[in-house]
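Summary of structural features
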Amino acid sequence: MATAKPLPAGLLSSARFVASPNHNTRPAGCEVSLLVLHNISLPPGQFGTGCVEQFFCNRLDWHAHPYFRNIEGMEVSAHLLIERSGALIQFVPLELRAWHAGRSRFEGQANCNDFSIGIELEGTDEQPYTDAQYRALVAVTLQLQQRFPQLTDARIVGHSDIAPGRKTDPGPAFDWDRFRAQLAQARQ
Ligand SMILES: [Zn+2]
């Protein structure tokens, strides 16, 4: 059956939804107007482990790897994760406030979680992202821009842009020129 089922508000049909408890509501009157790109891999540099999903759902076994001691007890999330294959996982409905940016500021406005959507790319700062990830990111960005008109190209940033000195992701591995060119091309 090809009939699309109506989805709950704020869920993307292109994503597999895995509910994260790490969210709350956005402040009243706060519109989505910023897209923040991140990277994550757990353990760092290892892909496809399922650990990111567990981490965002507070189900990660802190004893499973020595690195996990550094993140033990953290309660974080992102709206979306793009895996190396390009597969999309959604953790928080778009209308709700995910916990990805932390202490942050964009053009004088603090607490970017209030007014942003966070996308995690499975990866590291140094390792090239996959073609499938760029394709998936472009596709989902277009969907988000249709849904949230204030989310202009100029308001797509890296975590490092809104938390400089504290965060480095998505890192030098992320090819902004390529992403913006593919985004422009996809609109034609
Ligand atoms: Zn980040």
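Read on for a plain summary of the structure. None of the values given here were measured: they were computed from a predicted structure.

Overview of the coordination of the zinc ion
- Every protein donor of the zinc ion is listed here as His38 (ND1), His159 (ND1) and Asp169 (OD), and their distances to the metal cover 2.0 to 2.1 Å.
- Summarised as a motif, the one-chain spacing of the donors to the zinc ion is H-x120-H-x9-D. Of this pair, His159 sits in helix 3 (residues 159–162) while Asp169 sits in the loop between helix 3 and helix 4 (176–187), and the two are ten residues apart along the sequence.
- Owing to a relative accessible area of 8%, Asp169 belongs among the buried residues under this scheme.

Focus: the sheet that holds strand 5 (residues 88–90)
- Strand order in the open sheet formed by six strands is 1-5-4-9-3-10, with mixed pairing between adjacent strands. Both outer strands of the open sheet, strand 1 (16–17) and strand 10 (156–158), are each paired with one neighbouring strand and no more.
- Inspection of the sheet shows strand 4 (residues 80–82) paired to strand 9 (residues 116–122) by three bridges, in the parallel sense. In the strand pairing of strand 9, Ile82 is matched with Leu121.
- Those strands touched by helix 2 (residues 131–147) are strand 3 (34–40), strand 4, strand 5, strand 9 and strand 10, and its axis lies near 170 degrees from that of strand 9.
- In the packing of helix 4 onto the sheet, the strands contacted are strand 3 and strand 10, and the crossing angle to strand 10 comes to about 160 degrees.

Here's the deal with the packing of aromatic side chains
- This structure, assessed with the given rule, holds eight aromatic pairs.
- Put simply, the rings of Tyr129, Tyr134, Phe174, Trp176 and Phe179 pair up and form one aromatic cluster.
- For the cation-ring pair, Arg84 lies above Phe47, with the distance from its terminal atom to the ring centre recorded as 4.2 Å.

Re the pattern of salt bridges
- Scanning the model with the defined rule gives six salt bridges in all.
- One salt bridge connects Glu107 with Arg155, and the closest N-O pair in it is separated by 3.7 Å. Note that Glu107 is positioned in the loop between strand 7 (105–106) and strand 8 (109–110) and Arg155 in the loop between helix 2 and strand 10, a separation of 48 residues in sequence.
- With a relative accessible area of 65%, Glu107 lands in the exposed category.
- What makes Arg155 buried here is its relative accessible area of 18%.

How each quantity is defined
Residue positions are counted from 1 within each chain, in the order its sequence is given. Residue-level local features of this predicted model are given only where pLDDT is at least 70; pairs of side-chain atoms are given and counted only at 80 or more, and the full residue set underlies all totals for whole chains, interfaces and linings. Computation of side-chain values covers all heavy atoms of the structure but excludes hydrogens and water. Sodium, potassium and calcium take a 3.2 Å donor cutoff, other metals 2.8 Å, and in both cases only N, O and S atoms count; water is not among them, so sites may look incomplete. Numbering goes from the N terminus for both helices and strands, where a helix is a DSSP run of H or I of at least four residues and a strand is a run of E of at least two. Remark: exposure states derive from per-residue accessible area (1.4 Å probe, protein chains only) relative to the maximum for the residue type, with buried under 20%, exposed over 50%, and partly exposed in between. Two strands are said to pair when DSSP picks up at least two bridges between them. Residue contacts follow a heavy-atom distance rule, with two residues in contact if any of their heavy atoms lie within 4.5 Å. Structural elements are reduced to axes, namely lines fitted to C-alpha atoms, with helices fitted over the stretch in contact, and the angle between N-to-C directions of any two is expressed from 0 to 180 degrees. Between the rings of Phe, Tyr and Trp (Trp by its six-membered ring), a pair exists once the centres lie within 6.5 Å; its type follows the angle of the planes, with under 30 degrees stacked, over 60 edge-to-face, and the other angles tilted. Two limits define a charge over a ring: the Lys NZ or Arg CZ must be within 6 Å of the ring centre, and within 35 degrees of the ring normal. Any Lys or Arg side-chain nitrogen found within 4 Å of a carboxyl oxygen on Asp or Glu counts as a salt bridge.

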